[in-house]
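The chain contents come next:
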Amino acid sequence: MYDLWEPTVLGPMTLRNRTVRSATNEHFSERDGALTVTWAETQIELARNEVGLVITGHLAVDRSQRADEGQPVLDKDTDFSLLHRAAEGVHAAGGCIVAQISHTGPKAPANVNGVPPKSPADFMPEELDILVDQFTFAALRCKEAGMDGVQVHCAHGYLLSSFLNPEQNLRTDDYGGSLENRFRLHARILASVRAACGSDFALLVKADCNGSGNFHGLLGLFQQAGVDGVEVSGVDFDGRAGNKKPFFLKEVLDARTGIQLPLILVGGIFSRKDAQAVLDAGIPFVSFSRALICQPDFLALMKAGQLEESPCLACNGCYKVYRQRPVRCVTHGRPVPQLKKIFHSN
Ligand SMILES: Cc1cc2nc3c(=O)[nH]c(=O)nc-3n(C[C@H](O)[C@H](O)[C@H](O)COP(=O)(O)O)c2cc1C
């Protein structure tokens, strides 16, 4: 069926292969959320090592609700020249780049932001309008900076994930209740981004296969909203330490009947064999996170025939250490000394 290394298209993008770097918070901002050269160089390094589509770590559209003190912010105060530097460098290396834009919502730590996290029910109607504007502003800046698109983060318990989740969305207005209502905010954001950025700018989403109660219905709504592709993850994506098998494959296969949208699968894919199994099951794109934390040149080594499986232990140590020291992988990481100043335990 599909070949991992064949050139292909995803929405308006022409990709050199079917590999994706799943959004991975690099934790490389300054303390105030400013992008850094190291952040930009991280994206470029991945593209130089055969990643077809680089998706940046989540960028906060609201600086009062960051996920941690290393998460970059994308708002009117952002220095967009570094977005441009990342886009130019990735393109020069033969890759495409999409910025993941996100609102942390219920997972935003008060000790980082100085204000409590916000859940769906905490948003007044006029604040929902502001949210639509924040996502649209961020997407437009990415377009102006030369990025190929954005991925709206609708997964992992962050704000747009929790709006979809009937247990977390307790609103009683038009934005709560039925799946269509819980999707209303997403529909507005996606329509607004599309109207602002046009159809030559990729509009992707990352979504949970297991948070909304009706994943097939959710895929249908994304399709109706006109997105260019859906990356499939799950709310419990980080609860499977040691599992080196594509852990959401069954859910995506069960839900995709009648869905024409290109799907990207992430989670537990660490080897050539499993990447091919995903492609053979009819999923056209394969996404990697921890394998590329462990070895940014993982895909280059695989393509060169020097590696069949990532040495990543899937231990999830990278979730814990990355907030405390500039070594991403507990077993294979490389220090980034110039960033030491921004790393404090939190
Ligand atoms: C350190 C770290 C940071 C992450 N940051 C993000 C992020 O910014 N946005 C996102 O959607 N997922 C994020 N993820 C989740 C990954 O994109 C991916 O969904 C998950 O790690 C499972 O894929 P894997 O088995 O290939 O690692 C992160 C994962 C790790 C380990």
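Residues numbered from 1 in each chain as written. Predicted model: local features only at pLDDT ≥ 70, side-chain atom pairs only at ≥ 80, totals over all residues. Heavy atoms only, no water.

**Student:** Could you clarify how one ought to interpret the overall build of the protein chain in this entry?
**Tutor:** In terms of regular secondary structure, the protein chain is built from 13 helices and 11 strands. Its C-alpha radius of gyration of 19 Å places the protein chain within 12% of the 20 Å reference for a compact globule of 346 residues. Projecting the C-alpha coordinates of the protein chain onto the three principal axes gives extents of approximately 55 × 50 × 35 Å. Put simply, of all contacts in the protein chain between residues at least 6 apart along the chain, 71% involve residues at least 24 apart. Of the roughly 13,000 Å² that the protein chain leaves accessible, carbon and sulfur atoms contribute 52%. Between the averaged position of the 35 positive side-chain charges in the protein chain and that of its 39 negative side-chain charges there is a distance of 5 Å. (Helix = DSSP H or I, 4+ residues; strand = E, 2+ residues; numbered from the N terminus. Rg over C-alpha atoms; globule rule 2.2 N^0.38 Å. Contact = heavy atoms within 4.5 Å. Areas by Shrake-Rupley, 256 points an atom, 1.4 Å probe, with all protein chains shown as cover. Lys, Arg positive; Asp, Glu negative; His and termini not counted. Charge placed at Lys NZ, Arg CZ, Asp CG, Glu CD.)

**Student:** Just checking my understanding: could you explain the pairing of strand S8 (residues 202-208) for this structure?
**Tutor:** Consecutive residues of a regular strand have side chains that alternate between opposite faces of the sheet. The element S8 is extensively covered by neighbouring structure, given that 7 of its 7 residues are classed as buried. Alternating residues of S8 divide into Ala202, Leu204, Lys206 and Asp208 and Leu203, Val205 and Ala207, and every residue in both groups is buried. With 5 bridges connecting them, S8 and strand S9 (residues 229-233) associate as parallel partners. By the bridge assignment for S9, Lys206 is matched with Glu231. Handedness of the crossover is the feature at issue here: the chain leaves S8, passes through helix H8 (residues 215-225), returns alongside S9, and the resulting connection is right-handed. (Buried < 20%, exposed > 50% of the residue type's maximum accessible area, 1.4 Å probe, protein only. Pairing = 2+ DSSP bridges. Right-handed = clockwise from strand over helix to strand, strands pointing away.)

**Student:** I would appreciate a short explanation of the site of the ligand in the present structure.
**Tutor:** Around the ligand sit 23 residues, and of these Ala23, Asn25, Gln100, Gly268 and Arg290 come closest. The side chain of Ser22 places a nitrogen or oxygen atom 3.0 Å from an oxygen atom of the ligand. Take Arg290: an N or O atom from its side chain is 2.6 Å from an oxygen atom of the ligand. Going through the elements one at a time, helix H11 (290-294) and helix H13 (317-321) are the ones with two or more residues in the shell around the ligand. (Near = heavy atom within 4 Å. Polar contact = N/O pair within 3.5 Å; in protein donor to acceptor, adjacent residues only side chain to side chain.)

**Student:** Explanation requested: the packing of aromatic side chains in the structure shown.
**Tutor:** Centre distance and the angle of the planes are the two values used to describe a pair of aromatic rings. Evaluation of the coordinates by the stated rule reveals 5 aromatic pairs. Ring centres of Phe247 and Phe248 lie 5.0 Å apart, and the angle between their planes is 85°; this geometry places the pair in the edge-to-face category. Note on Phe247: relative accessible area 10%, which makes it buried. Judged by its relative accessible area of 0%, Phe248 is buried. The ring of Phe285 carries Arg18 above its face, with NZ or CZ at 5.8 Å from the centroid. (Phe/Tyr/Trp six-rings, centres within 6.5 Å; stacked < 30°, edge-to-face > 60°. Lys NZ or Arg CZ within 6 Å of the ring centre and 35° of its normal.)

**Student:** So what exactly am I meant to see when it comes to the state of the cysteines here?
**Tutor:** Defined simply, a disulfide is a covalent bond joining two cysteines at their sulfur atoms. All told, the structure shown has 0 disulfides when counted by the stated rule. The thiol of Cys312 is unpaired, and the distance to the nearest cysteine sulfur, on Cys294, comes to 5.1 Å. (Disulfide = S-S within 2.5 Å.)

**Student:** How should I be thinking about the confidence of the model for the protein chain in this particular structure?
**Tutor:** Detailed reading of the predicted coordinates is not advisable wherever pLDDT is low. Summarising the model, the protein chain shows a mean pLDDT of 93, and 93% of its residues fall at 70 or more. When mean pLDDT is taken per element in the protein chain, S8 scores highest with 99 and H13 scores lowest with 79. Here residues 335-346 is a poorly scored stretch, pLDDT under 50, and it has 31 contacts once near neighbours within four places are set aside; other chains count. (pLDDT = per-residue confidence, 0-100.)

**Student:** Honestly, the domain arrangement of the protein chain in this entry has me stumped. Any pointers?
**Tutor:** The accessible area lost on association of the parts is a frequent measure of interface size. Its domain assignment divides the protein chain into domain 1 (8-307) and domain 2 (316-346). Just the C-alpha atoms count here: the centres of domain 1 and domain 2 sit 22 Å apart. (Domains from an automatic or database assignment.)

**Student:** Just checking my understanding: could you explain the packing of helix H4 (residues 125-144) against helix H7 (residues 184-197) for this structure?
**Tutor:** Between two packed helices, the angle of one axis relative to the other and the distance separating the axes together describe the packing. Direction vectors running N to C along H4 and H7 enclose 35°, while the axes themselves pass 9 Å from each other. Here H4 and H7 pass one another in a crossing that is right-handed. Contacts between H4 and H7 pair Leu128, Asp129, Leu131, Val132, Phe135, Thr136, Ala139, Leu140 and Lys143 from the former with Leu185, Arg188, Ile189, Ser192, Val193, Ala196 and Cys197 from the latter. A breakdown of the residues in the contact of H4 with H7 according to their chemical character gives 11 nonpolar, 2 polar and 3 charged. (Axes fitted to C-alpha atoms, helices over the stretch in contact; angles between N-to-C directions. Left-handed = near helix turned anticlockwise from the far one by under 90°. Nonpolar A, V, L, I, M, F, W, Y, C, P; charged D, E, K, R; others polar.)

**Student:** Teacher, can you tell me more about the nonpolar core here?
**Tutor:** Nonpolar side chains tend toward joint burial in soluble globular proteins. Judged by nonpolar contacts, the single largest core of 92 residues is most densely connected at Phe222 and Val230. Here the element with the most residues in this core is H4; it accounts for 7 residues. Among all residues touching Val230, those that are not within four sequence positions of it are Val205, Ala207, Leu219, Phe222, Leu261, Pro262, Leu263 and Ile264. In this structure, Met13, Leu15, Val98 and Ala202 belong to the second largest nonpolar core, which totals 13 residues. (Core = buried A, V, L, I, M, F, W, Y, C linked by side-chain atoms within 4.5 Å.)

**Student:** Could you clarify how one ought to interpret the packing of helix H1 (residues 37-48) against helix H2 (residues 81-92) in this entry?
**Tutor:** Relative to each other, H1 and H2 sit at 15°, their axes nearing to 8 Å. If you check the angle between H1 and H2, you find them roughly parallel. In this structure, the crossing between H1 and H2 has a hand that is right-handed. The residues of H2 that touch H1, namely those facing Val37, Trp39, Ala40, Glu41, Gln43, Ile44 and Ala47, are Leu82, Leu83, Arg85, Ala86, Gly89 and Val90. Among the residues making up the contact of H1 with H2, the classes are represented as 9 nonpolar, 2 polar and 2 charged. (Parallel < 35°, antiparallel > 145°, perpendicular 65-115°, else oblique.)

**Student:** Got a minute to help me understand H1 in this structure?
**Tutor:** An α-helical segment advances 3.6 residues per turn. Residues three or four places apart therefore align on the same side. Compared with an ideal rise of 1.5 Å per residue, which puts 12 residues at 16 Å, H1 spans 16 Å between its outermost C-alpha atoms and is within 8% of the ideal. Along H1, the residues that are buried comprise Thr38, Trp39, Ala40, Thr42, Gln43, Ile44, Leu46 and Ala47. The inward-facing, buried residues of H1 contact strand S3 (19-21), strand S4 (53-55), strand S5 (59-60), H2, strand S6 (96-102) and H11. At the C-terminal side of H1, Glu50 shows a positive phi close to 80°. (Expected span 1.5 Å × (residues − 1).)

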